[in-house]
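Spelled out from the first residue to the last, the chains are:
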Amino acid sequence: MTFNSRPQRESNQMVFGIRAIMEAITSGKEIEALYIQRGAAGGLSHELKALLTEYNITAQQVPIEKLNRLTAKNHQGAVAFISPIVYQKIENIIPDVFERGEVPLILVLDSITDVRNMGAIARTAECAGVHAIVIPAKGSAQINPDAIKTSAGALYKIPVCRHDNFMQTVRFLQESGLQLVCCTEKTKEDIYMPDYTAPTAIIMGSEEDGIRNEIIRIADHLAKIPMFGEIESLNVSVSTGVILYEAIRQRGLSK
């Protein structure tokens, strides 16, 4: 099964009302965010919650005041946002990259929550020829108009893979022959040490928490960006650009 390097665009739109949201879900729309009134009860609410379980969709329980701020119309206690992109599965992308005779370069973003950082990272990744971006289904920035704008449209061009079981997905990459290179300060090895000419998944963590320990423990390489000034860290989008272009430099020299 091949992947489409230019994911189909969906209009970024708000859907409100329980029946309308249920119709969006069953028709295959990608739900970017879903807000349900805290404490909502009744037949339709139970139907919606059952559907969310069936489709493995997470909803955020919020006070009715938040829903009222999102829309003044009759929302029936539920408001959803449809993603402007169609998410893909990394399990479909990796075999296709190998079949084309290319060396996979995957970017894994562990809990990057700022939408502008997400957009800036996607822009750099697309320019660097990254094959796909992998993000967790929970605790990741929304792909919304701000992210699209900051990415200069790159989020329409590069496959984005959103997975519920993030650790399982990371292990899949490793089991598929990709080395896991974690960009982290928790090492003495710098980003120039790994051999990026091999199939590689570069993993970036949030500026607040870094990369989760479960991934650090199974990584093939821990690599840090050398710092010589008084400020101890770079913005995560800048850090991503630095390590990605070291990978591109090595791959260019190997040709």
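Residues numbered from 1 in each chain as written. Predicted model: local features only at pLDDT ≥ 70, side-chain atom pairs only at ≥ 80, totals over all residues. Heavy atoms only, no water.

Moving on: the overall build of the chain. Looking only at helices and strands, the chain has nine helices and ten strands in total. Here the C-alpha atoms of the chain give a radius of gyration of 20 Å, agreeing with the 18 Å that 2.2 N^0.38 yields for 255 residues. Judged by the C-alpha coordinates and their principal axes, the chain covers about 60 × 45 × 35 Å. The 255 residues of the chain split such that 47% are buried. For the chain, long-range pairs separated by at least 24 residues make up 83% of all intrachain contacts whose partners lie at least 6 apart in sequence. Carbon and sulfur atoms provide 48% of the accessible area of the chain, an area that totals close to 12,800 Å². (Helix = DSSP H or I, 4+ residues; strand = E, 2+ residues; numbered from the N terminus. Rg over C-alpha atoms; globule rule 2.2 N^0.38 Å. Buried < 20%, exposed > 50% of the residue type's maximum accessible area, 1.4 Å probe, protein only. Contact = heavy atoms within 4.5 Å. Areas by Shrake-Rupley, 256 points an atom, 1.4 Å probe, with all protein chains shown as cover.)

Right, let's talk about the packing of aromatic side chains for a bit. Aromatic rings in a pair are described by how distant their centres are and how their planes are angled relative to each other. For the structure on display, the rule yields one aromatic pair. Pairing Tyr35 with Phe81 gives two aromatic rings, centres 6.4 Å apart and planes at 85°, and the pair type is edge-to-face. Of this pair, Tyr35 sits in strand S2 (residues 31-37) while Phe81 sits in strand S4 (residues 78-82); the two residues are 46 residues apart in sequence, bridging distant segments of the chain. An identical accessibility class is assigned to Tyr35 and Phe81; each is buried. (Phe/Tyr/Trp six-rings, centres within 6.5 Å; stacked < 30°, edge-to-face > 60°.)

Okay, the UniProt feature "domain: RNA 2-O ribose methyltransferase substrate binding" (unreviewed entry) in the chain next. The feature "domain: RNA 2-O ribose methyltransferase substrate binding" (unreviewed entry), as annotated in UniProt, sits at residues 14-88 in this numbering. Along residues 14-88 one finds 37% helix and 24% strand; the C-alpha atoms at either end are 22 Å apart. (UniProt positions renumbered as here; feature names shortened; annotations may be inferred.)

Once that is clear, we can look at the packing of helix H4 (residues 90-99) against helix H7 (residues 166-175). Packing of H4 against H7 brings their axes to within 11 Å, and their N-to-C directions diverge by 15°. Relative to H7, the element H4 is oriented roughly parallel. Crossing angle aside, the handedness with which H4 passes H7 is right-handed. In this structure, H4 uses Ile90, Glu91 and Ile94 to contact H7, whose residues at the interface are Thr169, Phe172 and Leu173. Split into classes, the residues belonging to the contact of H4 with H7 amount to four nonpolar, one polar and one charged. (Axes fitted to C-alpha atoms, helices over the stretch in contact; angles between N-to-C directions. Parallel < 35°, antiparallel > 145°, perpendicular 65-115°, else oblique. Left-handed = near helix turned anticlockwise from the far one by under 90°. Nonpolar A, V, L, I, M, F, W, Y, C, P; charged D, E, K, R; others polar.)

Read from one edge of the open sheet, four strands run S1-S4-S2-S3, paired in mixed fashion. One side of each edge strand has no neighbouring strand; the edge strands of this open sheet are strand S1 (13-16) and strand S3 (60-62). Taken pair by pair, the neighbouring strands of this sheet meet at an average axis angle of 25°, ignoring direction. The sheet contact formed by S1 and S4 spans four bridges and is antiparallel. Residue pairing for S4: Gln13 is matched across the bridge by Ile82. (Pairing = 2+ DSSP bridges.)

Moving on to the domain arrangement of the chain. Parsing the chain into structural domains produces domain 1 (14-82) and domain 2 (90-251). Of the residues lining the interface, seven residues belong to domain 1; the matching set on domain 2 comes to six residues. Each partner contributes to the roughly 510 Å² buried at the junction of domain 1 and domain 2, and carbon and sulfur atoms together form 28% of this total. Its largest share of buried area at the contact with domain 2, domain 1 owes to Glu32, Asn56 and Thr58, together 72% of the area lost on that side. (Domains from an automatic or database assignment. Buried area = accessible area lost by both parts, 1.4 Å probe.)

Attention shifts here to the confidence of the model for the chain. Low pLDDT means the predicted coordinates in that region are not meant to be read closely. Model confidence for the chain is summarised by a mean pLDDT of 90, while 95% of its residues fall at 70 or above. Every residue in residues 1-11 is under pLDDT 50, and counting partners more than four places away or in other chains gives 33 contacts. (pLDDT = per-residue confidence, 0-100.)

If you look at the biggest cluster of nonpolar residues, it comprises 35 residues, and the most contacted ones within it are Leu107, Leu109 and Ile202. The set of elements that each furnish at least two residues to this core consists of strand S5 (105-110), helix H5 (115-127), strand S6 (132-136), helix H6 (145-150), strand S8 (179-183), strand S9 (200-205) and helix H9 (236-254). In terms of residue count, H5 provides more of this core than any other element does, five residues in total. Look past the residues within four positions of Leu109 in its chain and what remains in contact with it is Met118, Ile121, Ile133, Val134, Ile135, Pro136, Phe166 and Met204. (Core = buried A, V, L, I, M, F, W, Y, C linked by side-chain atoms within 4.5 Å.)

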